[in-house]
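# Descriptive analysis of the structure
Here is how the chains run, residue by residue.
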Amino acid sequence: MVGINGIEFVVLAILAVFILGPERLPEYASQLARLVKGLRRMASGAREQLREEVGPELDEVDWRKLDPRQYDPRRIIKEALLEDVEDVFKPVSSGAPVAGAPSPRTGAAALSLTSAGAVSARLAVGQRAPYDVEAT
């Protein structure tokens, strides 16, 4: 809740009695109760309005997945990097060439996996290295 234990609450109550005095304390307590009730009423009204506007999709949302405490940047980066490597090295089930795949006879670059797990391209003999004018 707020993080106030029993002893702290008693100390705050005693301080409130001394600061406000026994004459004004009931008045301030009733004002606080009205404020809390009003805030609860506003929150439930906003919740109902949101449920009306969004509809049944709001109940289908898995809020635990959207919890920021579940965010682990190391896991996300690791999964993203592994997806790229797995896509490059997917085994072909038949011996037939895959459409769009480079052929060794055309002099296209061959991909290889380094010891660090990174993908590197090797050029065929006589093939020029790619050059990006915009990058330099």
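### Section: the overall build of the chain
Counting secondary structure elements, the chain contains three helices and two strands. Seen in sequence order, the chain has helices and strands lined up from the N terminus as α-α-α-β-β. Per-residue burial over the chain gives 4% buried out of 136 residues. In the chain, the proportion of contacts linking residues at least 24 apart, taken out of those at least 6 apart, comes to 15%. Working note: accessible area of the chain is about 12700 Å², and carbon and sulfur atoms make up 61% of it.

### Let's talk about helix α1 (residues 6-54)
In this model, α1 (49 residues) spans only 41 Å end to end at C-alpha, well below the 72 Å of a helix rising 1.5 Å per residue. Taking the largest bend as the criterion, α1 deviates by roughly 105°, centred on G21, and proline P22 comes between one and four positions later. Once α1 ends, the next one or two residues include G55, with phi positive near 90°.

### Quick look at the pattern of salt bridges
Inspection of the entire model under this criterion finds four salt bridges. Across the salt bridge formed by R64 and D62, the nearest N and O atoms sit 3.6 Å from each other. Among the residues examined, R64 registers a relative accessible area of 66% and is labelled exposed. Residue R74 pairs with D72 through a salt bridge whose shortest N-O separation is 3.5 Å. For R74, a relative accessible area of 66% puts it in the exposed group.

### What to know about the confidence of the model for the chain
Model confidence for the chain is summarised by a mean pLDDT of 75, while 70% of its residues fall at 70 or above. Element-level pLDDT for the chain is lowest in strand β1 (residues 110-113), with a mean of 50, against a maximum mean of 89 in α1. Considering only residues more than four positions removed or in separate chains, one finds that residues 103-110, a stretch of pLDDT under 50, has 14 contacts.

### Concerning a nonpolar patch on the surface
On the surface, I4, I7, F9, V10, V11, L12, I14, L15, F18 and I19 cluster together into a nonpolar patch covering about 1100 Å² of accessible area. Tracing the backbone shows I4 in the segment before α1.

Criteria and cut-off values
- Residues numbered from 1 in each chain as written.
- Predicted model: local features only at pLDDT ≥ 70, side-chain atom pairs only at ≥ 80, totals over all residues.
- Heavy atoms only, no water.
- Helix = DSSP H or I, 4+ residues; strand = E, 2+ residues; numbered from the N terminus.
- Buried < 20%, exposed > 50% of the residue type's maximum accessible area, 1.4 Å probe, protein only.
- Contact = heavy atoms within 4.5 Å.
- Areas by Shrake-Rupley, 256 points an atom, 1.4 Å probe, with all protein chains shown as cover.
- Expected span 1.5 Å × (residues − 1).
- Bend = angle between axes of the 7 residues up to and from the residue.
- Salt bridge = Lys/Arg side-chain N within 4 Å of Asp/Glu carboxyl O.
- pLDDT = per-residue confidence, 0-100.
- Patch = residues over 30% accessible without salt bridge, like charges linked within 9 Å, V, L, I, M, F, W, Y side chains within 5 Å.

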